[in-house]
Amino acid sequence: MAGAKGMPTRRVASAIDILTQECDSVVGGVRFTELPIKQIKPYHDHKFRLYSGERLEDMVESIKLHGVLNPVIVLRLDAMHYEMLAGHNRLRAAEMAGLETIPALVKENLTDAEALAYVIETNLMQRSFTDMLPSEQAAVLQLRMDKLTSQGRRNDILCELAFLETGKAEALEGLGTSALLGRRLESREKVGVEYGLSKNSVARLLRINYLTNDFREMVDNNKLPLYAAVDLSYLSLEAQRWVQQVSDELKCPITMRIAKILKGQKNDLTREVVYGIMKDIQDDNKPIRPSHNVRLSKTIYDQYFKTWSDDAIQDVVDKAVNAWFDAGN
């Protein structure tokens, strides 16, 4: 697959290799199955945007004219139910076009990693990495890291991420030998080169995978700064939900300062502690305003201050008040 402009070309692996093998078997006589659309549910953790607007409308019109030309790929759950792996947009457009069935290639007995490979790699076939939202990029990077660092080593990856974020040696506990660490760091660099990212950028994006769905969406919509999101990702999912609830309740945006303080106290957080931290910071940031407004008479304003700025007027008033009281009045 050709990379985005200015980025290195990458070789699409996993699902693409599997799909190539599957096409050979189709030539050998394997037939696609027409499945009822209502029996297919979305992938349980689908992280990618679906088409909307003109792009979706064009797909609907194409299906009305020509039908679904490329079968979707589904995972059999039981005799009557399937989970979508590749083809969420086609399924949605087919349903909008009034179809009741859709051609599908049915897969069985896939591991979670193999199923996820179909979902992620087929999305990479449709658009470049740079066109993806941060949460989508995070999902892609996690798959690539899992592939390079071997499946089932999530704890090692988490330790490594902590090391890259903090630079502290204690974050390496549990990684094993220095040779293993070297391979982990080499994998991070390989993934970075593949997608035109620094290893630290890779580490930050990977942390998005440990956010709640709501926080991932906020990062995608630029409502939560990436660096704040990275700090929040070290909190438990329950603690993250407390943070969002308190933020909404106090109407207090989650800043990098708030996120860093919360991360530092991640082992001691309760909802009450979260509330106290955010309320204190919110109060500290509130400007001090006088409880009463005082107006100058038009005569005084026109005579002395007509061309002055508000700040300059305030300065004179403050000095005049101080001088008045200093004089014993």
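Values in this document were obtained by computation on a predicted structure and should not be read as measured data.

1. Topic: the packing of helix α2 (residues 53–66) against helix α3 (residues 88–96)
Right, on to step 1. Interaxial distance between α2 and α3 falls to 8 Å at its minimum, and their mutual angle equals 65 degrees. For the pair α2 and α3, the sense of crossing is right-handed. Contact with α2, carried on its side by Leu56, Met59, Val60 and Ile63, involves Asn89, Arg90, Arg92, Ala93, Ala94 and Met96 of α3 and no other residues of that element.
Right, on to step 2. Considered class by class, the residues forming the contact of α2 with α3 number seven nonpolar, one polar and two charged.

2. Brief notes about unusual backbone geometry
Right, on to step 1. In this structure, Asn222 is a non-glycine residue whose phi angle is positive, near 60 degrees.
Right, on to step 2. The phi dihedral of Lys251 falls on the positive side, at around 55 degrees, and the residue is not glycine.
Right, on to step 3. If you trace the backbone, Lys251 turns up in the loop between α11 (237–250) and α12 (256–264).

3. Observations concerning the sheet that holds strand β2 (residues 40–41)
Right, on to step 1. The five strands are arranged β1-β5-β3-β4-β2 in an open sheet whose pairing can be described as mixed. Both edges of this open sheet fall to β1 (33–36) and β2, since each of them pairs with a single strand only.
Right, on to step 2. In terms of strand pairing, strand β3 (residues 72–76) meets strand β5 (residues 101–107) through four bridges, oriented parallel. Residue pairing across strands places Leu75 opposite Lys107, the latter belonging to β5.

4. A closer look at α11
Right, on to step 1. The terminal C-alpha atoms of α11 lie 20 Å apart, and with 14 residues this matches the ideal 20 Å at 1.5 Å per residue to within 8%.
Right, on to step 2. Listed as buried for α11 are Ala239, Gln240, Trp242, Val243, Gln244, Val246, Ser247 and Leu250.
Right, on to step 3. Directly after α11, the chain includes Lys251, whose backbone phi takes a positive value near 55 degrees.

5. Comments concerning the packing of aromatic side chains
Right, on to step 1. One pass over the structure, following the stated rule, counts zero aromatic pairs.
Right, on to step 2. Residue placement shows Arg207 over the ring face of Tyr234; its charged tip is 3.9 Å from the ring centre.

6. Thoughts on a nonpolar patch on the surface
Right, on to step 1. Side chains of Leu296, Ile300, Tyr301, Tyr304, Val317, Val321, Trp324 and Phe325 sit close together on the surface and give an oily, nonpolar patch of about 740 Å² of accessible area.
Right, on to step 2. When contributions to the nonpolar patch are tallied by element, the ones reaching two or more residues are α14 (298–305) and α15 (310–326).
Right, on to step 3. The biggest single contributor to the nonpolar patch is α15, with four residues.
Right, on to step 4. Structurally, Trp324 can be placed in helix α15.

7. Examining α3
Right, on to step 1. When we look at burial in α3, the residues that qualify are His88, Asn89, Arg90, Leu91, Ala93 and Ala94.
Right, on to step 2. Two residues or fewer past α3, Gly98 is found with a positive phi of approximately 95 degrees.

8. Observations regarding the pattern of salt bridges
Right, on to step 1. All chains considered together, the criterion is met by six salt bridges.
Right, on to step 2. A salt bridge links Glu61 to Lys64, with the nearest nitrogen and oxygen atoms 3.7 Å apart. Taken together, the residues span about one helical turn, with Glu61 and Lys64 both in helix α2 at a distance of three residues.
Right, on to step 3. For Arg76, the salt bridge is made with Glu108, and the minimal N-O distance between the two is 3.5 Å. Residue Arg76 is located in strand β3, and its partner Glu108 is located in the loop between β5 and α4 (112–126); the two are separated by 32 residues in the primary sequence.
Right, on to step 4. The class for Arg76 is partly exposed, based on a relative accessible area of 32%.
Right, on to step 5. Taking the relative accessible area as the measure of exposure, Glu108 reaches 45% and is therefore partly exposed.
Right, on to step 6. Through salt bridges with shared partners, a single ionic network connects Asp231, Lys260 and Lys263.

9. A closer look at the confidence of the model for the protein
Right, on to step 1. With 73% of its residues at a pLDDT of at least 70, the protein reaches an overall mean of 75.
Right, on to step 2. α11 holds the highest mean pLDDT among the elements of the protein, 95, whereas helix α1 (residues 15–27) holds the lowest, 39.
Right, on to step 3. Note that residues 1–30 has pLDDT below 50 and, in this model, 48 contacts with residues that lie over four places away or in other chains.
Right, on to step 4. Taken together, the stretch residues 150–158 has pLDDT below 50 and engages in 17 contacts with residues farther than four places along the chain or on a different chain.

10. Quick word on the pairing of strand β4 (residues 82–86)
Right, on to step 1. Where burial is concerned, most of β4 is hidden: five out of the five residues are buried.
Right, on to step 2. Two strands pair when backbone bridges link them, and β2 and β4 are joined in this way by two bridges, in the parallel orientation. In the sheet register, Ile40 faces β4, and the bridge partner there is Tyr82.
Right, on to step 3. The sheet contact formed by β3 and β4 spans four bridges and is antiparallel. For Ile73, the partnering residue across the bridge sits in β4 and is Ala86.
Right, on to step 4. Here β3 hands over to β4 after five residues, the two strands then running antiparallel side by side.

11. A short note on the environment of Asp45
Right, on to step 1. Tracing the sequence through the fold places Asp45 in the loop between β2 and α2.
Right, on to step 2. For Asp45 and Val119, which are 74 residues apart along the polypeptide, the C-alpha to C-alpha distance reads 9.6 Å.

Reading guide: rules and limits
- Residues numbered from 1 in each chain as written.
- Predicted model: local features only at pLDDT ≥ 70, side-chain atom pairs only at ≥ 80, totals over all residues.
- Heavy atoms only, no water.
- Axes fitted to C-alpha atoms, helices over the stretch in contact; angles between N-to-C directions.
- Helix = DSSP H or I, 4+ residues; strand = E, 2+ residues; numbered from the N terminus.
- Left-handed = near helix turned anticlockwise from the far one by under 90°.
- Contact = heavy atoms within 4.5 Å.
- Nonpolar A, V, L, I, M, F, W, Y, C, P; charged D, E, K, R; others polar.
- Pairing = 2+ DSSP bridges.
- Expected span 1.5 Å × (residues − 1).
- Buried < 20%, exposed > 50% of the residue type's maximum accessible area, 1.4 Å probe, protein only.
- Phe/Tyr/Trp six-rings, centres within 6.5 Å; stacked < 30°, edge-to-face > 60°.
- Lys NZ or Arg CZ within 6 Å of the ring centre and 35° of its normal.
- Patch = residues over 30% accessible without salt bridge, like charges linked within 9 Å, V, L, I, M, F, W, Y side chains within 5 Å.
- Areas by Shrake-Rupley, 256 points an atom, 1.4 Å probe, with all protein chains shown as cover.
- Salt bridge = Lys/Arg side-chain N within 4 Å of Asp/Glu carboxyl O.
- pLDDT = per-residue confidence, 0-100.

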